[in-house]
Amino acid sequence: MDSSSIVQLVLSALTNVTNTSFVNQTSSTSSSPLSSLTNDALLTSLLPLLFSYDWLKILLLGSAFEALRRGFFSVWRGVVKGFWIEATFEQDDEPYDWLMLWVSNHPSWHKARVVDVSSRSYLLGDHIGVPLGPIDTSDPDSESNLSVHYLPSRSETYTLWYNGCYVQIIRKMQDNGDSRYRDSNETLCVRRAVLHSLLVEASQAYVTTRKRVVRIFVADRDHWRSFSSIHKRPLHSVILEPGMAELILEDARDFLGSKAWYRERGIPFRRGYFLYGAPGSGKTSLIHTLAGELNLDVYIVSLSRAGMDDSTLIQFLSELPSRCIALMEDIDTAFQYGLNRNTSSPTSTTGPSPNSHSRSNDVDPPKTSGITLSGLLNALDGVAAHEGRLLFATSNCKSASVLDAALRRPGRMDLHVEFRLASRYQAEELFKRFYLASEELVVVDGEDEEGEKSAEETDVLLRSSESPESESPIHGSTHALPGQAFHFPRPKILALASEFAHAIPERSCSMASLQGYLMKYKTRPEVAVREAGAWAETEAGKA
Ligand SMILES: Nc1ncnc2c1ncn2[C@@H]1O[C@H](COP(=O)(O)OP(=O)(O)OP(=O)(O)O)[C@@H](O)[C@H]1O
């Protein structure tokens, strides 16, 4: 019996059944004899089919086909495994970011049909993914110009060609039970020979892109979490007394280049900086700027964070990368809540409250951190302490002496830098930066002299911890500063800047508040100068 006769037989059996159902519907009373008749007819029609063994042939044919198919794929997988390897990239690891950047810059990526739309940029700002671009082209900085990127989609397999080789990229979500911390990882199936060159290319592209940003990491639960990236800021955008920022930068550079020197003398290769003083005077800004200049990432650890205790702190500091900036902001707040020599009790502190000048009105916050002074000292230079890092600790206190002597000694905090309220020189420079275009902010000899003079008058100091009381005013040349969008005649702005500086009493307000004031008059420098005196008086009244 050939297949066409089988089909015919099945069809005729089915037709019988259909007719029978129709008859059943129209005469329900006589259904029983007729239905038994129909079942018999169906059975009679199918019997030859059952005994013909053709069904067996079909079954065998199907099974053989499936076995062949499976065999082919298993051989293919074997061949593929022989030549290819599967490389997995974890999200918390840097090579994951290399790969994301590499994929998103690959030409074939632009043709992808399934994408994730994300505001996350893998710490590379606008350099990853396909940026959406400005919606309002007339104003690229407009807030309506959202910064979103098309990224490779999760659970999607992308295939592309790299140097004539076939590459598969699979991005998978890993559910670790906590919906807030779902990781994804990326699997790259690639020929063994090309994996290395692909990774070299991806890492180089990443490093080049990374040079434009500073990456920020925060101590989160039990690991360093990548938090954000900020565009590098030129050193001179932080206006301090002339030469002050340059001196700290040189010190850090010198340290980073002297590993062998430290090793030969058996000195731990670590350097600490304690930046203290008025709030809003540029401490954090300077650290970010230094990180940019030195090509280092910033790792922020908050000592007063809930859940932070001595062992967690030691673990975090020991997991720092070989070259980085570790930042402990407001170190005195940890002190206030119990960081002292013997105990972590918030009520027993050694000496006066370190923060009393700035936080006297604050209600005592609940103690959440379990850091003790000995724990902090151990974390900074104990056995598990990391080598090669620059530690920056900041505080809004007025004097470095609020820190325990053991904490601020050389080897832990090598350089103490005081930040004071704005000097007239700083106020003048800030004014120029606001109203002059960047190309107009050039060094003019006469102006520099003036700048140096005001630096001599003032005494923002940088003190070495070896001689904390020796005051060493720093002199140097000012630098070109970035300009603003509005154009005003340069001589006019220079004259107004000088007037502005004289209207603001020396050391009466912070740079942050001066910046806030000038923001109100972004396009009206004359009004800014006219109103400056009255504003400064109100500010002084507030302090
Ligand atoms: N010296 C400065 N030069 C230029 N801008 C400054 C300076 N100081 C402060 N600013 C501006 O003021 C803002 C706050 O500065 P920043 O956070 O660096 O101060 P801070 O001393 O770290 O303050 P806090 O101790 O309160 O955190 C920033 O926007 C920064 O641009």
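All values derive from a computational prediction rather than experimental measurement.

Calculation rules
The residue numbers shown here count from 1 along each chain, following its written sequence. Local features in this predicted model are restricted to residues whose pLDDT is 70 or higher, and side-chain atom pairs enter the listing and the counts only when it is 80 or higher, whereas totals over whole chains, interfaces and linings include all residues. To obtain the side-chain values, all non-hydrogen atoms of the structure were included, while hydrogens and water were left out. In this description a helix means any DSSP run of H or I spanning at least four residues, a strand means any run of E spanning at least two, and both kinds are numbered starting from the N terminus. Burial classes: relative accessible area under 20% of the type maximum marks a residue as buried, over 50% as exposed, and values in between as partly exposed (1.4 Å probe, protein chains only). Residue contacts follow a heavy-atom distance rule, with two residues in contact if any of their heavy atoms lie within 4.5 Å. The accessible surface values rely on the Shrake-Rupley method and a 1.4 Å probe; as for residues, cover is taken only from the protein chains in view. To estimate how far a helix should extend, the number of its residues minus one is multiplied by 1.5 Å. Note that bend, as reported per residue, equals the angle between axes fitted to the 7 residues terminating at that residue and the 7 residues originating from it. Nearness is judged by heavy atoms alone; a residue qualifies as near a molecule or strand once a single heavy atom is within 4 Å of it. Counted as a polar contact is a pair of N or O atoms within 3.5 Å, where, for protein atoms, one must be capable of donating a hydrogen and the other of accepting one, and residues adjacent in sequence contribute only when both atoms are in side chains. These domain boundaries are the output of an automatic or database domain assignment. Throughout, an axis means a line fitted to C-alpha atoms (over the contacting stretch in the case of helices), and angles, computed between N-to-C directions, take values from 0 to 180 degrees. Here a crossing is called left-handed whenever its near helix is offset anticlockwise from the far helix by less than a right angle, and right-handed whenever the offset is clockwise. Here the nonpolar group is Ala, Val, Leu, Ile, Met, Phe, Trp, Tyr, Cys and Pro; Asp, Glu, Lys and Arg are the charged ones; every other residue, Gly included, is treated as polar. For two strands to count as paired, DSSP must find a minimum of two bridges between them. For Phe, Tyr and Trp, where Trp contributes only its six-membered ring, two rings pair if their centres lie within 6.5 Å, and the inter-plane angle classes them as stacked under 30 degrees, edge-to-face over 60, or tilted in between.

**Student:** Please explain the overall build of the chain as it appears in this structure.
**Tutor:** Scanning the chain from terminus to terminus reveals 17 helices and 15 strands. Residues counted as buried form 44% of the 543 residues belonging to the chain. Nonlocal contacts in the chain, meaning residues at least 24 apart in sequence, comprise 73% of its contacts between residues at least 6 apart. On the chain, roughly 28,100 Å² of surface is accessible, and the fraction owed to carbon and sulfur atoms is 55%.

**Student:** Could you clarify how one ought to interpret helix 17 (residues 525-542) in this entry?
**Tutor:** An α-helical turn contains 3.6 residues, so a residue and the one three or four places further along point in the same direction. The end-to-end C-alpha distance of helix 17, which contains 18 residues, comes to 24 Å, matching closely the 26 Å that a straight helix rising 1.5 Å per residue would cover. The principal kink in helix 17, of about 50 degrees, is found at Ala532. Regarding helix 17, the residues found buried are Pro525, Val527, Ala528, Val529, Ala532, Trp535, Ala536 and Glu539. Of the surrounding elements, those touching the buried residues of helix 17 are helix 13 (424-435), helix 15 (490-503) and helix 16 (511-519).

**Student:** Would you mind showing me how to read the site of the ligand here?
**Tutor:** Near the ligand you find 19 residues, and of these Ile239, Gly280, Thr284, Ser285 and Asn396 are the closest. A distance of 3.0 Å separates a nitrogen atom of the ligand from a polar backbone atom of Gly282. A distance of 2.6 Å separates an oxygen atom of the ligand from a polar atom in the side chain of Thr284. In the complex, the protein chains occlude 78% of the 620 Å² of accessible area that the ligand would expose alone. At the level of secondary structure, the elements contributing two or more residues to the shell around the ligand comprise helix 8 (283-294), helix 13 and helix 16. Residues lining the shell around the ligand come from more than one domain, with at least three contributed by each of domain 3 (227-419) and domain 4 (426-442 + 482-543).

**Student:** Just checking my understanding: could you explain the environment of Trp102 for this structure?
**Tutor:** Of note, Trp102 is situated in helix 4 (residues 94-105). Taking relative accessible area as the criterion, Trp102 reaches 6% and is therefore assigned buried. Those residues in contact with Trp102, other than ones at most four positions away along the chain, are Leu160, Tyr162, Ile169, Leu198, Glu201 and Ala202. Polar side-chain contacts of Trp102 include one of 3.2 Å to the side chain of Glu201.

**Student:** Can you walk me through the packing of helix 13 against helix 16 in this structure?
**Tutor:** Relative placement of two packed helices is described by the angle separating their axes and the distance separating the axes. Across the interface, helix 13 lies against helix 16 with an axial gap of 11 Å and an inter-helix angle of 35 degrees. Two packed elements cross with a definite hand, and for helix 13 against helix 16 that hand is right-handed. Of the residues in helix 16, those touching helix 13 at Gln426, Ala427, Leu430, Phe431, Arg433, Phe434 and Tyr435 are Met511, Leu514, Gln515, Leu518 and Met519. The residue inventory of the contact of helix 13 with helix 16, partitioned by class, reads 9 nonpolar, 2 polar and 1 charged.

**Student:** What am I meant to see in unusual backbone geometry here?
**Tutor:** Positioned with a positive phi, Asp330 is a non-glycine residue whose angle comes to about 50 degrees. Classification of Asp330 as partly exposed rests on a relative accessible area of 28%.

**Student:** For this particular structure, what's the right way to read the pairing of strand 8 (residues 213-220)?
**Tutor:** As a general feature of sheets, a regular strand has side chains that alternate between the two faces. With 8 of 8 residues buried, strand 8 is to be regarded as a mostly interior element. Residues Val213, Arg215, Phe217 and Ala219 point to one face of strand 8 and Val214, Ile216, Val218 and Asp220 to the other, with burial holding for every one of them. The loop that links strand 8 with its antiparallel partner strand 9 (residues 223-231) comprises 2 residues; one of these, Arg221, has a positive phi angle of about 50 degrees. Relative to strand 11 (residues 298-300), strand 8 runs parallel, the two sharing 3 bridges.

**Student:** It is not clear to me how the packing of aromatic side chains should be interpreted in this structure. Could you clarify?
**Tutor:** By convention here, two paired aromatic rings are described through the distance between centres and the angle between planes. Going through the model one piece at a time under the given rule, you end up with 17 aromatic pairs. On the basis of an interplanar angle of 65 degrees and a centroid distance of 5.2 Å, the ring pair of Tyr262 and Phe269 is categorised as edge-to-face. Here Phe274 and Tyr276 contribute two aromatic rings whose centre-to-centre distance is 5.4 Å and whose plane-to-plane angle is 25 degrees, an arrangement assigned as stacked. Grouping residues by exposure puts Phe274 and Tyr276 together as buried. Through a chain of ring-to-ring contacts, three or more aromatic side chains come together here, namely Phe431, Phe434, Tyr435, Phe500, Tyr517, Tyr521 and Trp535.

Purely geometric numbers; function is a separate question.
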